[in-house]
Amino acid sequence: MHLVRIDTAAVAIFEEAMALYAGSFPLYEQRRLVEQKQVMGEAAYHFNLLYEAEVFIGLVLYWEHADFVYVEHFCTLPQVRNKGYGLKILQELAKLNKTVILEIDPPQDEMSIRRQHFYERAGYCVNDFMHRHPPYRLGHKGHSLVVMSYPTKLSPESYMTFNNYLQDTVMLYAEK
């Protein structure tokens, strides 16, 4: 498996990648296409395509801050799920030698509980902060999520740095 970073929508695979993105996340957790194209020019933003050999299998979209990596979106094609690629991607992110932060739905049903357990098996810690992700689109409200981090829990100061970055930088590329 390998990652290929793209910084423009003017590549042939972009439409297929965005179809996976659209099918993997609820609408309120997605950027509109116009904002996605804008954010791809940001140096801190990494729009990475995942390949096994030469076959596209998924995406990992993250922000690299001086102190941490924030995984904004992460998904694989349905036909390759449960084949170990998710863990391989997390191991690649760990090689950046920074705290890795991501958000998950609160563990309230079988799928969200399984997702939390997957990240915990990969070494991620649940943080106890009350966290609300702002909306990407007009007409939607923010939603509560659980913040997970690797390799350790976040301090209150680290959480505030992350949350300020989310509000002030990441969400600049949301529908206004």
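Going by the structure above, here's the rest.
Residues numbered from 1 in each chain as written. Predicted model: local features only at pLDDT ≥ 70, side-chain atom pairs only at ≥ 80, totals over all residues. Heavy atoms only, no water.

Draft legend 1. Helix H5 (residues 156–168), seen in detail. Here H5 is 13 residues long and its end C-alpha atoms lie 18 Å apart, about the 18 Å a rise of 1.5 Å per residue gives. The complete set of buried residues in H5 reads Tyr 159, Phe 162, Asn 163, Tyr 165 and Leu 166. Down the axis of H5, the smallest arc covering the buried residues is 160°, so these residues share one side. Of the exposed residues in H5, the ones pointing more than 90 degrees away from its buried face are Pro 156, Glu 157 and Asp 168. Each element contacted by the buried residues of H5 is listed here: strand E3 (55–64), strand E4 (68–76), strand E5 (99–104), strand E7 (131–133) and strand E8 (143–150). (Helix = DSSP H or I, 4+ residues; strand = E, 2+ residues; numbered from the N terminus. Expected span 1.5 Å × (residues − 1). Buried < 20%, exposed > 50% of the residue type's maximum accessible area, 1.4 Å probe, protein only. Arc of directions from axis to C-beta. Contact = heavy atoms within 4.5 Å.)

Draft legend 2. Unusual backbone geometry, seen in detail. In this structure, Pro 151 follows Tyr 150 across a cis peptide bond, with omega equal to 5°. In this structure, Pro 151 sits in the loop between E8 and H5. With a phi angle near 65°, Asn 82 is a residue other than glycine that sits in the positive phi range. One can find Asn 82 in the loop between E4 and helix H3 (85–94). Phi at Asn 97 is positive, roughly 55°, even though this residue is not glycine. Examined against the element boundaries, Asn 97 turns out to sit in the loop between H3 and E5. Residue Asn 97 is classed as exposed on the basis of its relative accessible area of 70%.

Such coordinate-based values are descriptive only and should not be taken to indicate function.
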